[in-house]
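In case you want the letters, here they are:
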Amino acid sequence: MKNQWTNFYTGFVKVKASGIGAERLINGLLRKNISIWDVKRSGEDTVLFCIELKDISTLRAVVRNSDCKVSFIEGRGIPFFTKRALKYSGFLIGLLSFFIIIFMLSNMVWGIEIKGANPETEHAIRKELDKIGVEVGKVQFLIDDVETIQRKLSDNIKAVTWIGVELKGTTFHFQVVEKEQPEEAEKLSPRNLVARKKAVIVGMFVEKGQKQVEISDYVNKGQLLVSGVIGNENNQRVVGAKGKVLGETWYKSTVEVPLKTKFSVFNGDEKVKHYINISGFSLPVWGFKKPEYKQYEVESTTKPFKFWKWELPAAYMSETYRSKEQITRVYTKGQAMAEAKKMAIKDLEKQLPEGAKIIGEKILHAGVDNGKVKLSIHYQVIEDIAVGIPIIQGD
Amino acid sequence: MARKWGQKIKQLMVNTMDLPQDVMMDLPRITIIGQLHIYIENHRGLLAFADNEVRLMLKKGQLLIKGESFVIKTILPEEIMLEGKIDKVFFLDG
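Under an unreviewed UniProt entry, the name given to chain B is Sporulation protein YqfC, and the organism recorded is Peribacillus saganii.

With an unreviewed UniProt entry as reference, chain A is termed Sporulation protein YqfD, source organism Peribacillus saganii.

Written as structure tokens, this is what we have:
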């Protein structure tokens, strides 16, 4: 017997034959070697049966010689289905494009909101965002992720202390904390100036108050430098002492620099692979080769696809392979010393207040021990040593 | 008379050479699966078809099948597969 599943692909027709000679019609068709199936009696003199689409013309010829009336009820199978699909293709295209458009719009940037910034800073931020590529109408996959945007903004905009970036749906929210502008010189409350640490005074510049020490005096920590009490004994007034007292101070720092150091650096070679991640399974889209780096680091970012307000289980993922190299740095003793000095100065500068100057250095001890250069250096620094403490007026 | 002679020779050959009878003698081969299906090979055409009765032409005589809710699953020039509830199968001599 013939396999019937192919009929679905070639298409078949349901036929209704009415008339007394229905059996004769079937016999006539059989004689022409046409396969018939699902023959059913549906009434007194009507018969339903199925016939292949390609046999229709033969059927017509056979019907002409019989006293039956034949009508087609319905067509089934792929040819009819495609015909119908084509007829309603407008619907289909509309439906599909609706979803595509919603999908695309859900993954775009639709708004940028900046809070907590004055107009000037806001303008600067917007300009910077344009530079980074965060604009209304951009696709979210092609712009940096939130952390990167945050980093770039706080690096590049000086007027901002902190900036919080949040992506809510299709809108970027920026929460800005601006740096406080230097305050107006406020009226100082009554105070004295005392030494912050022990030093030798090398210069004084007193705006207000009565100076209590002279140049080249040695002062200890906490010693009164400028008094806020002015006037003679009969006519005393208390003011906020103000001024600069430059003192020579001393620092000692010890640094160690190993002669041989191993560390790994990125040599700039990198490869990016793109994936579409569907619930844990990564489907590579671009970049199929495994990078031939001996050592590398992988950095991957994942951005979920969104539809309307939901996140789809699929996501776009990109992996960046960065090539790494091991480098061994070997210093001679002289180089190590120079490096140690540089490090020491850098360390020192971190501790020093603004406006301080290093005027001299003296190496107290230098030696190589265990493959390390050990250096202790003594520094002379000129800095402002004055610090205000309020005068507590009692009784 | 000549046809009868031919038939007799065929019968003889079947008997002596052990050949299958349906092939040699154009007899119908009927397979019934429970009451559900009946499968007939070597028929000569459909004579009548109704819900409860199917009449088939054979080389010699007719075959009458009685039952309920008959549907012809497939029909080919020499084969027919009938589905429904089969009650009785009759051979009518022609």
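Undergrad: How do you make sense of the side chain of A:Asn7 when you look at a structure like this?
TA: Relative to the helices and strands, A:Asn7 resides in helix α1 (residues 6-10). Discounting chain neighbours no more than four positions away, the residues touching A:Asn7 are A:Phe12, A:Trp37 and A:Glu52.

Undergrad: Explain the nonpolar core to me, please; I cannot follow it from the model alone.
TA: One recurring pattern in soluble globular proteins is that nonpolar side chains are buried together. One finds A:Val39, A:Phe49 and B:Ile65 to be the most contacted residues of the largest nonpolar core, which totals 35 residues. With sequence-adjacent residues up to four places away left out, A:Val39 is seen in contact with A:Ile26, A:Val47, A:Leu48, A:Phe49, B:Phe49, B:Phe70, B:Val71, B:Ile72 and B:Ile75. A:Ile112, A:Ala117, A:Val146 and A:Val160 belong to the second-largest nonpolar core, a separate cluster that totals 19 residues.

Undergrad: It is not clear to me how the sheet that holds strand β12 (residues 224-227) of chain A should be interpreted in this structure. Could you clarify?
TA: Each strand in a sheet pairs with its neighbour through backbone hydrogen bonds, running either in the same direction (parallel) or in the opposite one (antiparallel). Residues and elements named next belong to chain A. Strand order in the open sheet formed by 4 strands is β10-β12-β8-β22, with antiparallel pairing between adjacent strands. Each having just a single partner strand, β10 (210-211) and β22 (386-390) make up the two edges of the open sheet. By the bridge criterion, 5 bridges tie strand β8 (residues 191-195) to β22 in an arrangement that is antiparallel. Bridge assignment links Arg 191 to a residue of β22, and that residue is Pro 390.

Undergrad: I'm lost on the domain arrangement of chain A in this one. Help?
TA: The domains assigned to chain A are domain 1 (6-83), domain 2 (111-178), domain 3 (198-259 + 331-395) and domain 4 (261-326). Taking only C-alpha atoms, the centre of domain 2 of chain A and the centre of domain 3 of chain A are 41 Å apart.

Undergrad: What is the right way to look at the UniProt feature "transmembrane region" (unreviewed entry) in chain A in this model?
TA: UniProt's feature table lists "transmembrane region" (unreviewed entry) at residues 91-112 of chain A, given in the numbering used throughout. The span residues 91-112 of chain A is 73% helix and 9% strand, and its two end C-alpha atoms sit 36 Å from each other.

Undergrad: I would appreciate a short explanation of the sheet that holds strand β11 (residues 218-219) of chain A in the present structure.
TA: Residue and element names in this part refer to chain A. Across the sheet, which stays open at both edges, the 5 strands sit in the order β11-β9-β15-β21-β20 with antiparallel pairing between neighbours. Whereas interior strands pair on both sides, the edge strands pair on one side only; in this sheet they are β11 and β20 (357-369). One ladder, built from 7 bridges, connects strand β9 (residues 199-208) with strand β15 (residues 242-258); its direction is antiparallel. Directly across from Met 204, in β15, lies its bridge partner Val 245.

Undergrad: What am I meant to see in the confidence of the model for chain A here?
TA: Parts of the model with low pLDDT should not have their predicted coordinates read in detail. Within chain A, residue pLDDT values average 86, and 96% of them lie at 70 or more. The spread of mean pLDDT over the elements of chain A runs between strand β14 (residues 237-238) of chain A, the lowest at 80, and strand β1 (residues 12-18) of chain A, the highest at 93.

Undergrad: In this structure, what is going on with the packing of aromatic side chains? I would like to understand it.
TA: Aromatic rings in a pair are described by how distant their centres are and how their planes are angled relative to each other. Residues and elements named next belong to chain A. Scanning the entire structure with this criterion turns up 7 aromatic pairs over all chains. Here Phe 98 and Phe 99 contribute two aromatic rings whose centre-to-centre distance is 5.4 Å and whose plane-to-plane angle is 75°, an arrangement assigned as edge-to-face. Note on Phe 172 and Phe 174: the rings are 6.1 Å apart at their centroids and 20° apart in plane angle, and the pair reads as stacked. Taking relative accessible area as the criterion, Phe 172 reaches 2% and is therefore assigned buried. Each member of the aromatic cluster is reached from another via a ring pair, and the members are Phe 98, Phe 99 and Phe 307.

Undergrad: Which parts of the structure should I look at to understand the packing of helix α6 (residues 119-132) of chain A against helix α7 (residues 146-156) of chain A?
TA: Between two packed helices, what matters for the description is the angle formed by their axes and the separation of those axes. Residues and elements named next belong to chain A. As a packed pair, α6 and α7 sit with axes 11 Å apart at the nearest point and diverge in direction by 130°. Taken together, α6 and α7 sit at an angle that is classed as oblique. Here the hand of the crossing between α6 and α7 comes out right-handed. Contacts from Ile 125, Glu 128, Leu 129 and Ile 132 in α6 reach Ile 149, Lys 152, Leu 153 and Asn 156 in α7. The class makeup of the residues in the contact of α6 with α7 is 5 nonpolar, 1 polar and 2 charged.

Undergrad: What am I meant to see in the interface of chain A and chain B here?
TA: Buried accessible area, meaning the area lost when the parts come together, often serves as the stated size of an interface. At the interface, 15 residues of chain A touch 19 residues of chain B. Taken over both partners, the interface formed by chain A and chain B buries close to 1400 Å², and the fraction arising from carbon and sulfur atoms is 61%. If you look at where chain A meets chain B, you find 1 salt bridge. The shortest N-O distance in the salt bridge between A:Asp38 and B:Lys73 comes to 2.8 Å. At the level of elements, α2 (22-31) and β2 (36-41) of chain A are the ones that each hand at least two residues to the side of chain A that touches chain B.

Basis of the calculations
Residues numbered from 1 in each chain as written. Chains lettered and ligands numbered in written order. Predicted model: local features only at pLDDT ≥ 70, side-chain atom pairs only at ≥ 80, totals over all residues. Heavy atoms only, no water. Helix = DSSP H or I, 4+ residues; strand = E, 2+ residues; numbered from the N terminus. Contact = heavy atoms within 4.5 Å. Core = buried A, V, L, I, M, F, W, Y, C linked by side-chain atoms within 4.5 Å. Buried < 20%, exposed > 50% of the residue type's maximum accessible area, 1.4 Å probe, protein only. Pairing = 2+ DSSP bridges. Domains from an automatic or database assignment. UniProt positions renumbered as here; feature names shortened; annotations may be inferred. pLDDT = per-residue confidence, 0-100. Phe/Tyr/Trp six-rings, centres within 6.5 Å; stacked < 30°, edge-to-face > 60°. Axes fitted to C-alpha atoms, helices over the stretch in contact; angles between N-to-C directions. Parallel < 35°, antiparallel > 145°, perpendicular 65-115°, else oblique. Left-handed = near helix turned anticlockwise from the far one by under 90°. Nonpolar A, V, L, I, M, F, W, Y, C, P; charged D, E, K, R; others polar. Buried area = accessible area lost by both parts, 1.4 Å probe. Salt bridge = Lys/Arg side-chain N within 4 Å of Asp/Glu carboxyl O.

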